[in-house]
Structure formats: structure tokens, C-alpha cells
Amino acid sequence: MNNSLPQQLSLGVSLNDDATFENFYTASGTANAQVVASLRAQLTPAAEQMIFLWGAPGVGLTHLLQAACHSAQELGFSMQYLPIRDMIGFAPEQLLEGLETLDLVCLDGLDLVAGNPIWERALFNFFNCMRDGGGRLLMAGHQGPHELPIQMPDLQSRLNWGISFQLHSLEDADKQAALQLRAKARGLELNDEVAQFILHRAPRDMNELFCYLNRLDDASLAEQRKLTIPFVKQVLSL
């Protein structure tokens, strides 16, 4: 891998400041904890060159890909995060051109272009260049690599070069812990009673829960109030 200075996000893609490994809740010894450990180690010399993450919406795929980019930046490696959902209308060859020179490339939403012959050809060529150059590739989708409707056999074989991990949804107790961890990182005190109130009345999707927490953070700062059940009711209309 090259040790160039961190690559700026030249495609106008920004990273969420909250998307860090430290902000991603995993109970010790769980499969999700193993995933995070593997991602933390991906930029070390002996680590796996290609990793594919998959799981249901809301399990944290985007969070982990962006966390990997933040980690790469902190270590002084070059990187690029590509949210494919926002890039489908662009020519893939142009989007991917030159990225094989980076230390880490994260492709988010690979399932969205599976079966598209133009994207498949571009990805096939890109994977080959990344492998030859020694860079690291982190991919994510809502289907596992074997379930993706890939039409190009050679591309399917490239997806099998590395390792894949399934991210699992959190149980309610872990969702509460994740919400409280994110609140603590924002300087908010979210006690058990208030956290359980939110979980019992808000959507169970973690993305939605974190959006609710963002609203509470803004309101708490604006009104200089602590997070109590009456205040949560008022802000979130629960």
C-alpha cells in the first residue's frame, strides 16, 4: 500500500462525523464485534484485501464503511467512500478511474448495480486493478455476494476473492445500549427510563432512532433542557 497523504473526497462525498468505529455498538463476543475487529485490521499488511459486508437495511453498513474511511484518514492512508445510490447516473468508468491508486476504497450499495452490464464490466476491471495495486476494497450491500444477481461470471468470481460478513440486527437491549452510546458521544445524558420510552414508541430501525436522537440533541441544546420523558414527548410528538 502507498503511504500518501489522505485523499480528499474529490467526488463531493462527505463523511458523517458520527460514523466511527467507537460509535458503533457491538456487544463483546458477538458476530458484529468480529466484523468491526476485521475492519479495524484491514489496513494492516497481513489483512484480507477485499471484504464484503451485507445485511438488512438499518444494521449499520454505511456507518461501518464510513468508519473505515475515518480510520484510514487517521492512520494517514488515502481513501475514497462511494455511495453507489448517489452515483448510479454517472458513468462508472469515470467514477472509478484512478481510485485503484488509493489505499482503501469503500463501495456502498453494490446490490443496486448488480445485473447492470456497464457497471459490472467497470467493477470487474476495477477489482483487477485494485488487487494488482495492493489496495484494500470494502464493499457493502443488502444481499450476500452469492445472492447478488450478477450476470458476469468473472465478476462473481472476483467477489469470492475476499471474505464476507453478515451484519446482524440488534436486540432491544442492544438497541438501547447503542442509543445511549451515541447520546454519550454527543454529551447527552440518556437514562434507561427515557431510552426505553423512546424505544417503545419510536420506529425500531436504528437509522430512524439516531435521527430522533439528532432532533433531541438539537432541541436540548436550543432550549438548554435535559432529556426527560415530557421533553421527549414534546420534541418527538410521541
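Source: prediction; values computed, not measured. (Residues numbered from 1 in each chain as written. Predicted model: local features only at pLDDT ≥ 70, side-chain atom pairs only at ≥ 80, totals over all residues. Heavy atoms only, no water.)

Caption draft 1: Quick peek at the packing of aromatic side chains. Scanning the entire structure with this criterion turns up one aromatic pair. Here the aromatic rings of F126 and F127 are separated by 6.4 Å at their centres, their planes lie at 50°, and the arrangement is tilted. Judged on exposure class, the residue F126 and its partner F127 are both buried. Here the basic side chain of R182 rests over the ring of F210, its NZ or CZ set 3.8 Å away from the ring centre. A cation over a ring is seen here: R215 above Y212, with NZ or CZ 5.4 Å from the ring centre. (Phe/Tyr/Trp six-rings, centres within 6.5 Å; stacked < 30°, edge-to-face > 60°. Buried < 20%, exposed > 50% of the residue type's maximum accessible area, 1.4 Å probe, protein only. Lys NZ or Arg CZ within 6 Å of the ring centre and 35° of its normal.)

Caption draft 2: A look at the packing of helix 6 (residues 172-185) against helix 8 (residues 206-223). Relative orientation of the contacting elements helix 6 and helix 8 amounts to 35°, with a least axis distance of 11 Å. The way helix 6 lies across helix 8 gives a crossing that is right-handed. In this structure, helix 6 contributes K175, A178, L179, R182 and A183 to the contact, and helix 8 contributes M206, L209, F210 and L213. Here the residues of the contact of helix 6 with helix 8 sort into seven nonpolar, no polar and two charged. (Axes fitted to C-alpha atoms, helices over the stretch in contact; angles between N-to-C directions. Helix = DSSP H or I, 4+ residues; strand = E, 2+ residues; numbered from the N terminus. Left-handed = near helix turned anticlockwise from the far one by under 90°. Contact = heavy atoms within 4.5 Å. Nonpolar A, V, L, I, M, F, W, Y, C, P; charged D, E, K, R; others polar.)

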